[in-house]
Amino acid sequence: MTVHNLYIFDRNGSCLHYSEWNRKKQAGISKEEEFKLMYGMLFSIRSFISKMSPLDMKDGFLAFQTSRYKLHYYETPTGIKLVLNTDLGVPNCRDTLQQIYSTLYVEYIVRNPLCVLGESLQSDLFSSKLDSFIRALPFFSVRAA
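Keep in mind that what you see is a predicted model, and the values were worked out from it rather than measured.

Engineer: Outline the packing of aromatic side chains, supporting the account with residue identities and numerical values.
Structural biologist: Scanning all chains against the criterion turns up seven aromatic pairs. An angle of 10° between the planes, with centres 5.8 Å apart, marks the rings of Tyr7 and Phe9 as stacked. Neither Tyr7 nor Phe9 differs from the other in exposure class; each is buried. With centroids separated by 6.0 Å and ring planes inclined at 90°, the aromatic side chains of Tyr7 and Phe35 adopt a geometry described as edge-to-face.

Engineer: How would you summarise the layout of surface pockets if you had to cite specific residues and measurements?
Structural biologist: Left-over empty space is what a probe sized like a water molecule reveals as it rolls over the atoms. Empty space within the largest pocket amounts to approximately 660 Å³. Asn5, Arg23, Lys25, Tyr69 and Asn85 are, among the 20 residues lining the largest pocket, the residues nearest its centre. Put simply, the parts of the chain that give the lining of the largest pocket at least two residues each are β1 (3-9) and α1 (31-52). Take the lining of the largest pocket: its biggest share by element is four residues, from α1. The residue makeup of the lining of the largest pocket, split by class, is eight nonpolar, six polar and six charged.

Engineer: A description of the side chain of Lys81 should follow, citing residues and the corresponding values.
Structural biologist: Looking at where Lys81 falls in the secondary structure, it is placed in strand β5 (residues 81-86). Judged by relative accessible area, Lys81 falls into the buried class, the value being 4%.

Engineer: Can you break down the pairing of β1 residue by residue, with the values?
Structural biologist: Counting buried residues along β1, seven of its seven residues qualify, which places the element largely inside the surrounding structure. Here β1 pairs with β5 via six bridges, running antiparallel. Opposite Phe9, over in β5, you have Lys81 as the bridge partner. Of the strand pairs in this sheet, β1 and strand β2 (residues 15-20) are connected by five bridges, and their pairing is antiparallel. Of the residues in β2, the one forming a bridge with Ile8 is His17. What sits between the antiparallel neighbours β1 and β2 is a turn of five residues, in which Gly13 has the positive phi angle 95°.

Engineer: Which residues make up the environment of Cys15, and what are the values?
Structural biologist: Positionally, Cys15 belongs in strand β2. Residue class for Cys15 comes out buried when judged on its relative accessible area of 18%. The spacing of Cys15 and Lys81 is 66 residues in sequence and 9.3 Å in space, taken between C-alpha atoms. Residues contacting Cys15, with those up to four places away along its chain left out, are Tyr7, Ile8, Phe9 and Phe35.

Engineer: Break down α1 for me, citing the residues and quoting the values.
Structural biologist: Here α1 spans 31 Å end to end across 22 residues, near enough to the 32 Å set by a 1.5 Å rise per residue. Every buried residue of α1 is accounted for by Glu34, Phe35, Met38, Tyr39, Leu42 and Ile45. For α1, the arc enclosing every buried residue in end-on projection is 130°, short of the 170-degree limit, so these residues lie on one face. Seen from the buried face of α1, the exposed residues on the opposite side, beyond 90 degrees, are Glu32, Lys36, Leu37, Phe43, Phe48, Lys51 and Met52. Buried residues in α1 make contact with β1, β2, β3 (63-65), β4 (70-75) and β5.

What counts as what
- Residues numbered from 1 in each chain as written.
- Predicted model: local features only at pLDDT ≥ 70, side-chain atom pairs only at ≥ 80, totals over all residues.
- Heavy atoms only, no water.
- Phe/Tyr/Trp six-rings, centres within 6.5 Å; stacked < 30°, edge-to-face > 60°.
- Buried < 20%, exposed > 50% of the residue type's maximum accessible area, 1.4 Å probe, protein only.
- 1 Å grid on protein atoms, 1.4 Å probe; cavity = no way out; pocket = protein on both sides within 12 Å on 5 of 7 lines; lining within 4 Å.
- Points joined across faces, edges and corners; volume = space filled by probe spheres on them.
- Helix = DSSP H or I, 4+ residues; strand = E, 2+ residues; numbered from the N terminus.
- Nonpolar A, V, L, I, M, F, W, Y, C, P; charged D, E, K, R; others polar.
- Pairing = 2+ DSSP bridges.
- Contact = heavy atoms within 4.5 Å.
- Expected span 1.5 Å × (residues − 1).
- Arc of directions from axis to C-beta.

Spelled out as structure tokens, the structure:
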């Protein structure tokens, strides 16, 4: 099992942070285009689910799975969206994404007077703590070639 990458978007669709660990294939487009495509897909899936679900979706969209990877999604009440891509063997990561938000994002970004909310995250401390957190997850492993 492994983690491929993590996106953090603001409520307007701007990518605030991107990290990758075990991503083997690149998209073949610029990172900015990749961020727009990812956010557009999230927006479309959330809209589709809210309109088509026969039940009240209080939690909304949690995950999306293909034959090759699993996308885990968490949206905060303030509109921050966290997206974690993993391989198929990883269980639901909602709690993990909530932890990233509450213990890392809030602690090292929101409470940091030097970080401007709504702009790309430039905190080396946040990046290193996030990297350590992801590498310590029980399902993180360096994928063998």
